[in-house]
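What the coordinates show
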Amino acid sequence: MAAATPLAALGGCSSGQKSSSGGAGGQTLTVGLLAPLTGPVAPEGKAMRRGFDMAVAEVNAAGGVLGKPLEVVVEDDQGTPSVATTAARKLLQRDRVDVVFGTITGDTTIAVKQLATQAKVPFMKAILDDYLHSPLCSRYFFKLGESDYQLLEPLAPFMVERFGRRVALVGSDYSFPHSYNQTAKPLLSAAGAQVVAEEYAPLGTAEWSSVIGKLKGARPDFVLSSVVGGDAIALLKQAQSLGLLKSSEITGVSINQEFYPAVPTLMNGRWGTFRYSDQLDNAANRKFVADYRAKYSDDAPIPSVTANSYVGVHLLAKAVGAAGGTDADKIVAALAAVKLADTVYGPEEISFDPGNQVLNTNIYLAQIASGGKYTISRGAGVTADPTKC
Amino acid sequence: MSDLVLLLLNFVSALSVLVLVAVSLGLIFGQLGIINLAQGDLVMVGAFAMYATRELPFLVGVATALVLGLLLGVVLERGLARALYGRGLMPALLATWGVGIVLRQAADALYSSTPHAVAAPVGGSVGVLGVDYPTYRILVAVVVAVLVAAVLAVAYRSSLGLRMRACIDNLEMAALLGTSPQRMFMLVFVAGTVLAVLAGSLAAPIVGVTPTLGLSYLPAAFFAVLLGRPGSIGGPVLGAALVAFLTVLLNRFFTATVAQSLLFAALVLFIAVRPEGVRWHPPARRTRPLQPARGGPTAAS
């Protein structure tokens, strides 16, 4: 059975030979994948694409959507809004895709969401995001990625109860960490915590001793860190060597599986919340992980965005099947109502929140153990994101 | 009191890697008139050399970085720098920026942009005047101090250094008096490359090793060089000290972002007030020295 055929190579032009439809009413579902395949966030784009490709292959092996293979057009947005805009226009106007799928960075998301909404084409985004402070509401926009709020809501009371009430916030100085902390603060005070320090340093900071000195001076019980990338490794190593971690626990986005191989001893035993881990023990996930490892020969931890795009394609296929056609309004209505159980996230049924179209799933509380595996402490239940649309 | 000691230790720590990068940049800029925009990426190469040899003892890693720096220096000088002498500012900027891109992309292709880490050879902390400070950072400060002292000793107390400074001051006269410009250029370029790579290998256990690591060091190093007289070898050392001092002081009282903005504003002001710190000279075309040659009585003018 034909697997999905990417009709456009990286950055290449569609040959225009796509047969039947696209656009309104045809029977072949065409999805435009818009991902940063090159540029600074290429690793996330690649991770998203892997889940996407795996799901498309599975859907087509099982007969496709509406009896026809799901077709894919791939475009590289390079992680920049100008390129994303051009690529999205091409997908919408030239290739006439039925659904746009992808984008990683916030600014490309905003650009593409505007275009998709104007063109009245559904747009699905797989990577985690903050929705509270940039709602991006649109009936055409479906948010597969978990939100900061969903991850922080169970984490805050747990950390306060376990480690203490004094919290220090530290982050890289750009939009995401600021909105992350804006989301965290009300949750922390609701849990009875007191923010004793809040420090930001520009991206590319290699020397953290001054910031660490200020954090130490505030004597926090734990540190909530939204420092990203190489800076996070520098922060963790220097926090250890300068004695901050002797008296303070640390959690946040800096504590994740991706960084584990770099600083295993610093990560062991640290707490975090997540929606997906390749360690989740259910039949669907075991199969997914085995297929992933076989297909990509990659033993590294599987990132959440891969699982999100994988589930997203399956959600889409089910929704379009139920809709009975590729007309945009039908797809939007079907996606809003679609439910799927026994996913890689677990046995529970998942669906898009009717208020803000964020995907609601279980969130888990876990510790990082040796080898980078998450040891699940407990499920924290399904957390709804409170963004109002 | 311990606050002051901590500030001092932070200053020494901030100075350590910066001074090596500044001196290496200053050597290449002063002697060869080339602004090497890839200097930061050479630091990154040193750090990745440590990551690549992380299973081996630390000193083996440093030796590997040294050899890599030597090879890279020779290749770059032969292959690229030679074509840039006397050609002007823009070709050098473009070419070295291109080298930087190649280095970063190579590191990304080989190791991906996932941050890596290198273990320090010595852990723990040591008490300095009542303040506990990481032992490794003290070690790095000592090693760098020795290195810089050695570089300055060679530059100002050896005949090789004398010939090098003569070449900087008046290339044609030095050539007429028996110093081969080709060999001097090669020597200086390789020395600059090796110092930068070494800086990276020493910094690796403290930071996160990513392909864009070097870009963090470049602006500060440039300012350190610009604060001194062009061609001076001791100048970048003092410049680096000033930059490190301002950095630590500003970070004590302001948030990191504000401190960085104020730092660069202050440096820009400094240089605006001292414009003789900024003039660029083509080494191959001058027939008169910009400043009188140092050391020894001046000849009858």
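Note that the structure is predicted; figures quoted are calculated from it, not measured.

Regarding the domain arrangement of chain A
Residue and element names in this part refer to chain A. For chain A, the assigned domains are domain 1 (30–146 + 280–352) and domain 2 (149–271 + 366–382). Computed over C-alpha atoms only, the centres of domain 1 and domain 2 are separated by 29 Å. Class assignment for the residues of the side of domain 1 that touches domain 2 results in three nonpolar, two polar and two charged.

Re the interface of chain A and chain B
Taken residue by residue, the interface counts 29 residues in chain A and 26 residues in chain B. Of all the secondary-structure elements, those providing two or more residues to the side of chain A that touches chain B are β7 (194–201), α6 (209–217) and α7 (229–241) of chain A. Here the element with the most residues in the side of chain A that touches chain B is α7 of chain A; it accounts for nine residues.

Concerning the sheet that holds strand β14 (residues 362–368) of chain A
Residue and element names in this part refer to chain A. Pairing in this open sheet of three strands is antiparallel, and the strands run β10-β14-β15 from one edge to the other. Looking at strand neighbours, the two that pair on one side only are β10 (271–274) and β15 (374–382), the edges of this open sheet. For this sheet, the mean inter-axis angle between neighbouring strands, taken without regard to orientation, is 25°. Here six bridges tie β14 to β15, and the two strands are oriented antiparallel to one another.

Section: helix α5 (residues 175–190) of chain A
Each α-helix winds once per 3.6 residues, and so residues spaced three or four apart point in a common direction. All names here are of chain A. Its 16 residues place the ends of α5 24 Å apart at the C-alpha level, agreeing with the 22 Å of an ideal helix rising 1.5 Å per residue. Ala-184 marks the point of greatest bend in α5, at about 25°, and the proline Pro-186 comes within the next four residues. All of the buried residues along α5 are Pro-177, Ser-179, Tyr-180, Asn-181, Thr-183, Ala-184 and Leu-188. Along its buried surface, α5 packs onto α4 (148–163), β6 (166–172), β7 and β8 (222–226). Two residues or fewer after α5 comes Gly-192, characterised by a positive phi angle close to 90°.

Here's the deal with the pairing of strand β1 (residues 30–35) of chain A
Residues and elements named next belong to chain A. Counting buried positions along β1 yields six of six residues, so the element is predominantly enclosed. Side chains Thr-30, Gly-32 and Leu-34 project from β1 onto one buried face, and the interleaved Val-31, Leu-33 and Ala-35 project onto a second face that is buried too. Inspection of the sheet shows β1 paired to strand β2 (residues 71–76) by six bridges, in the parallel sense. Bridging from a neighbouring strand, Val-31 pairs with Val-72 of β2. Chirality of the crossover, the property in question, places the unit of β1, helix α1 (residues 42–61) and β2 among those that are right-handed.

Some words on the confidence of the model for chain A
Looking at chain A as a whole, its pLDDT mean stands at 89, while 93% of the residues score no less than 70. Scored below 50 in pLDDT, residues 1–25 of chain A shows 53 contacts in the model against residues more than four places distant or in partner chains.

Notes on the packing of helix α10 (residues 235–253) of chain B against helix α11 (residues 256–273) of chain B
Residue and element names in this part refer to chain B. At a closest axis distance of 9 Å, the pairing of α10 and α11 adopts a crossing angle of 145°. Regarding α10 and α11, the two cross each other, and that crossing is right-handed. Residue-level inspection shows Val-243, Leu-246, Thr-247, Leu-250 and Asn-251 of α10 in contact with α11, the latter providing Ala-256, Ala-259, Leu-262, Leu-263, Ala-266 and Leu-267. Residues that form the contact of α10 with α11 fall into these classes: nine nonpolar, two polar and no charged.

Let's talk about the sheet that holds β1 of chain A
Residues and elements named next belong to chain A. Across the sheet, five strands lie side by side as β2-β1-β3-β4-β5; this open sheet has parallel pairing. What marks the edges here is a single partner per strand, and that holds for β2 and β5 (141–143). The sheet shows a mean angle of 20° between the axes of neighbouring strands, taken without regard to direction. Two strands pair when backbone bridges link them, and β1 and strand β3 (residues 99–102) are joined in this way by four bridges, in the parallel orientation. Looking across to β3, one finds that Gly-32 is bridged to Val-100.

Looking at the nonpolar core
A general feature of soluble globular proteins is that nonpolar side chains tend to end up buried together. Formed by 215 residues in total, the largest nonpolar core has its most connected members in Val-100 of chain A together with Leu-18, Val-21 and Ala-221 of chain B. Top element by residues in this core is helix α1 (residues 2–32) of chain B. It accounts for 17 residues.

Some words on helix α6 (residues 159–169) of chain B
Within α6 of chain B, the full set of buried residues consists of Met-164, Arg-165, Ala-166, Cys-167 and Ile-168 of chain B. Along its buried surface, α6 of chain B packs onto α1, α5 (135–157), α7 (171–176) and α8 (181–203) of chain B.

Side note on the packing of helix α3 (residues 58–84) of chain B against α8 of chain B
All names here are of chain B. Packing of α3 against α8 leaves a shortest axis separation of 8 Å and a crossing angle of 140°. One element, α3, and the other, α8, form an angle in the oblique class. Handedness of the crossing formed by α3 with α8: right-handed. Here the residues of the contact of α3 with α8 are counted per class, giving 16 nonpolar, five polar and one charged.

Quick look at the environment of Asn-251 of chain B
By the secondary structure assignment, Asn-251 of chain B is in helix α10. Residues Asn-251 of chain B and Gly-30 of chain B, spaced 221 residues apart in sequence, show a C-alpha to C-alpha distance of 31 Å. Those residues in contact with Asn-251 of chain B that lie beyond four places of it in its chain are Ser-210 of chain A together with Ala-256 and Ala-259 of chain B.

Comments concerning the environment of Leu-59 of chain B
Residues and elements named next belong to chain B. Along the polypeptide, Leu-59 turns up in helix α3. The exposure class assigned to Leu-59 is exposed, which follows from the 9 C-beta atoms found within 10 Å. Through-space distance from the C-alpha of Leu-59 to that of Pro-121 is 8.7 Å; in sequence the pair is 62 residues apart.

What counts as what
Here the residue numbering is sequential within each chain, running from 1 through the sequence in written order. Note on labels: chains are lettered from A, ligands numbered from 1, in written order. Selection of residues for local features in this predicted model requires a pLDDT of at least 70, selection of side-chain atom pairs for listing and counting requires 80 or more, and totals for whole chains, interfaces and linings are taken over all residues. The source of the domain bounds is an automatic or database domain assignment. Lys, Arg, Asp and Glu make up the charged group, whereas Ala, Val, Leu, Ile, Met, Phe, Trp, Tyr, Cys and Pro make up the nonpolar group; the residues left over, Gly among them, are polar. Working definition of a contact: two residues with C-beta atoms, positioned from the backbone, lying within 7 Å. Put simply, DSSP H or I for four residues or longer makes a helix, DSSP E for two residues or longer makes a strand, and each gets a number counted from the N terminus. Note on pairing: two strands pair once DSSP finds at least 2 bridges between them. Whenever a helix is involved, its axis is fitted only over the stretch in contact; in every case the axis is a line through C-alpha atoms, and angles between N-to-C directions fall within 0 to 180 degrees. Multiplying 1.5 Å by the residue count of a helix minus one yields the expected span of that helix. What the bend at a residue measures is the angle between two axes, fitted to the seven residues ending there and to the seven starting there. Partly exposed residues are those whose C-beta has more than 12 but fewer than 20 other C-beta atoms within 10 Å; with 20 or more the residue is buried, with 12 or fewer it is exposed, and the C-beta atoms are placed from the backbone. Crossover handedness is defined by viewing with both strands directed away from the observer: a clockwise path from the first strand over the helix to the second marks the crossover as right-handed. The pLDDT value tells you how sure the predictor is about a given residue, anywhere from 0 up to 100. Take the far helix as your reference; a near helix turned counterclockwise from it by less than a right angle gives a left-handed crossing, and one turned clockwise gives a right-handed crossing. For our purposes the nonpolar core covers buried Ala, Val, Leu, Ile, Met, Phe, Trp, Tyr and Cys residues that link as a set through C-beta atoms within 7 Å. Each angle is binned into one of four classes, with values under 35 degrees roughly parallel, values over 145 roughly antiparallel, values of 65 to 115 roughly perpendicular, and all other values oblique.

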